[in-house]
Amino acid sequence: MGYRTLLREHRPLLAIAFLAMFSSSLGQSFFIGLFQAPISEHFGLSVGQFGTGYAVVTLTAGFFMLRFGPTIDWISPRRFAVTVLLLLACGIALLTLSPWWWLGILGLGIVRLCGQGMLSHLGNTLAAREFTQLRGRAMGLVSLGIPLGEAALPPLVAVTLLWLSWQQFWWLFALVIALPWAWLLIKAPWPNAPGIKPTQRDSQGPKPFRERHFWQLLPLLMSLPITMTGLFIYQAQLTEALDSSLTVYALALTGMGFAKLPGALLGGRWVDRLGPVRLARLYLLPYAIAMVIALMLGGHLSVWALMVGGGLAMGAQELVASGLLIKLWGAEHLGRVRSALSASMVFSTGIAPAVLGVLLGAGVSFEVILAGMLAFIIVGWLLAQPVLRVAHSND
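Residues numbered from 1 in each chain as written. Predicted model: local features only at pLDDT ≥ 70, side-chain atom pairs only at ≥ 80, totals over all residues. Heavy atoms only, no water.

**Q** For this particular structure, what's the right way to read the pattern of salt bridges?
**A** Opposite charge on two side chains makes pairing possible when the charged atoms of those side chains draw close. Evaluated as defined, the whole model comprises three salt bridges. Arg129 serves as the salt-bridge partner of Asp73, at 3.5 Å between the closest nitrogen and oxygen. Taken together, the residues Asp73 in the loop between helix H5 (47–68) and helix H6 (77–97) and Arg129 in helix H7 (residues 101–130) connect sequence positions 56 residues apart. Residue Asp73 is classed as buried on the basis of its relative accessible area of 0%. Glu318 is paired through a salt bridge with Arg338; the nearest N and O atoms lie 2.9 Å apart. Within this pair, whereas Glu318 is found in helix H17 (residues 299–329), its partner Arg338 is found in helix H18 (residues 334–361), the two being separated by 20 residues in sequence. The class of Glu318 is partly exposed, set by a relative accessible area of 22%. (Salt bridge = Lys/Arg side-chain N within 4 Å of Asp/Glu carboxyl O. Helix = DSSP H or I, 4+ residues; strand = E, 2+ residues; numbered from the N terminus. Buried < 20%, exposed > 50% of the residue type's maximum accessible area, 1.4 Å probe, protein only.)

Shown next, in the form of structure tokens:
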């Protein structure tokens, strides 16, 4: 069964998960970054104050992910979606309508939690849990929702803001997303709740942060989002160190978006054929090679290599992560373990820019930072090998 058959036979469920991933764009860093200047101006915040507020709400959202993310293991997915969407609407209302900065920042935090956190959690969990034989292909199709948002929304925002205010764009986009959600919530067949009570899960379910395997696997799965966040945030320092330009970087970002497509679609096929364990040993290789090219050659080529190599790896990241978590802890506990992983990534990607900022402020060159990123990837790969052997033995 290929992608065409999968779409024909499981269209409603794939549509739900895909829309969840695309709707998560509202809380993704790339989308909020498009409105950083008008939001700061509206609330009278400096760039530093906005950045501090953004970091605080991002870290807080990570704690809430730990608390509420596992509920998808026992409550109805439809109920989970309705709750998240209603909270998202409240967050948008606070962000766009509040005259007080602290209430607007609270709204931003809710948008981050429900968008980047809960909606992507819903999409990934449904695709990984509800499909068994074709899990990789299903996750590959669903994961395309995020690169679609990354490719389509920035130019759409740039054009639309010529006629609308930033608040009006948010309302319009929320309304456009609400229409297909309303149809799916009313008409589409949704999977049933697993039906396991939280009290039973508290005594029987896994506790990821108390398990050695989780901590051994974490550096491998976090190395890509942490290092890519650094490249996104400090793009000016990156291009200067590599003797390139921000114009080339902007074009390479488009290349990254296109590279995610084969990363997701081919990655989905390879997960089904080879298994997530084998792919986990290989999926970071294009990104690691790009790091070596950047360190040895520099120039415009290295910027393109980093973005395209990172895009290929990012396209396969969620397929590998969810596949490994299911191999090690089972699909029935996926919500709990994914919540722990998502929260860890939120914490680390929130702290990483601050750490890199301190290093750059202390005079550390970006070439040294790139070398450190490559070392981080290698160490994470080595630490994960014992866990990958255990996961392979579960096949």
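**Q** Where do I start with the environment of Met228 in this structure?
**A** The residue Met228 is located in helix H12 (residues 212–233) in this model. Of the residues examined, Met228 reaches a relative accessible area of 2% and is grouped as buried. Residues Met228 and Met373 lie 145 residues apart in sequence; the distance between their C-alpha atoms is 9.4 Å. Setting aside anything within four residues of it in sequence, one finds Met228 in contact with Met256, Tyr287, Met307, Gly310 and Met314. (Contact = heavy atoms within 4.5 Å.)

**Q** Just to check I follow, could you spell out helix H8 (residues 135–143) for this structure?
**A** Think of an α-helix as turning once every 3.6 residues; residues three or four places apart then point the same way. Within H8, nine of the nine residues are buried, which leaves it mostly tucked inside the rest of the structure. Every buried residue of H8 is listed here: Arg135, Gly136, Arg137, Ala138, Met139, Gly140, Leu141, Val142 and Ser143.

**Q** Looking at this structure, I do not really get unusual backbone geometry. What am I missing?
**A** In the Ramachandran plot, Asp243 falls in the positive-phi region, its phi being about 60° despite a non-glycine side chain. Given a relative accessible area of 64%, Asp243 falls into the exposed group.

**Q** Help me understand the packing of helix H2 (residues 11–23) against H7, please; the structure alone is not making it clear to me.
**A** When two helices pack together, you describe them by how their axes are tilted relative to each other and by the distance separating the axes. In the contact formed by H2 and H7, the axes pass within 7 Å of each other and the chain directions differ by 150°. Here H2 is positioned roughly antiparallel relative to H7, judged by the angle of their axes. As H2 packs across H7, the resulting crossing turns out to be left-handed. Seen from H2, the contacting residues are Leu13, Ile16, Ala17, Ala20, Met21 and Ser23; seen from H7, they are Leu119, Ser120, Leu122, Gly123, Asn124, Leu126 and Glu130. The class makeup of the residues in the contact of H2 with H7 is eight nonpolar, four polar and one charged. (Axes fitted to C-alpha atoms, helices over the stretch in contact; angles between N-to-C directions. Parallel < 35°, antiparallel > 145°, perpendicular 65-115°, else oblique. Left-handed = near helix turned anticlockwise from the far one by under 90°. Nonpolar A, V, L, I, M, F, W, Y, C, P; charged D, E, K, R; others polar.)

**Q** Just checking my understanding: could you explain helix H10 (residues 166–187) for this structure?
**A** Given a rise of 1.5 Å per residue, 22 residues ought to cover 32 Å, and the 32 Å separating the end C-alpha atoms of H10 matches this to within 8%. Where the residues of H10 are buried, they touch H2, helix H3 (29–33), helix H4 (36–43), H6, H7 and helix H9 (145–160). (Expected span 1.5 Å × (residues − 1).)

**Q** I tried to follow a nonpolar patch on the surface on my own but got confused; where do I start?
**A** A contiguous nonpolar patch, built from Val292, Leu295, Met296, Leu297 and Leu301 and spanning about 510 Å² of accessible area, is present on the exposed surface. Element by element, the count of residues in the nonpolar patch is highest for helix H16 (residues 285–296), at three residues. Looking at where Val292 falls in the secondary structure, it is placed in helix H16. (Patch = residues over 30% accessible without salt bridge, like charges linked within 9 Å, V, L, I, M, F, W, Y side chains within 5 Å. Areas by Shrake-Rupley, 256 points an atom, 1.4 Å probe, with all protein chains shown as cover.)

**Q** Sorry if this is basic, but what is going on with the packing of H8 against H9 here?
**A** Interhelical geometry of H8 versus H9 gives an angle of 20° and a closest axis separation of 5 Å. Between H8 and H9, the angle is such that the two are roughly parallel. Residues Leu141, Val142 and Ser143 of H8 form the contact with H9, whose own contacting residues are Gly145, Ile146 and Pro147. Of the residues assigned to the contact of H8 with H9, the class counts are four nonpolar, two polar and no charged.

**Q** Please clarify how the packing of aromatic side chains should be interpreted in this entry.
**A** Centre-to-centre distance and the angle between the planes together describe a pair of aromatic rings. Inspection of the entire model under this criterion finds 13 aromatic pairs. Judged by centre distance (6.1 Å) and plane angle (85°), the ring pair of Phe22 and Phe173 falls under edge-to-face. With Phe22 in helix H2 and Phe173 in helix H10, this pair connects stretches of sequence that are 151 residues apart. Per residue, the accessibility class of Phe22 equals that of Phe173, and both read buried. Ring centres 6.2 Å apart and planes at 65° place the aromatic pair Phe214 and Trp329 in the edge-to-face group. Of this pair, Phe214 sits in helix H12 while Trp329 sits in helix H17, placing them 115 residues apart in sequence. There is no split in this pair, since Phe214 and Trp329 are both buried. An aromatic cluster is defined as three or more aromatic residues linked by ring pairs; in this entry it consists of Phe22, Phe31, Phe35, Phe169, Trp170 and Phe173. The positively charged end of Arg67 is found above the aromatic ring belonging to Phe68, 5.1 Å away from the centroid. (Phe/Tyr/Trp six-rings, centres within 6.5 Å; stacked < 30°, edge-to-face > 60°. Lys NZ or Arg CZ within 6 Å of the ring centre and 35° of its normal.)

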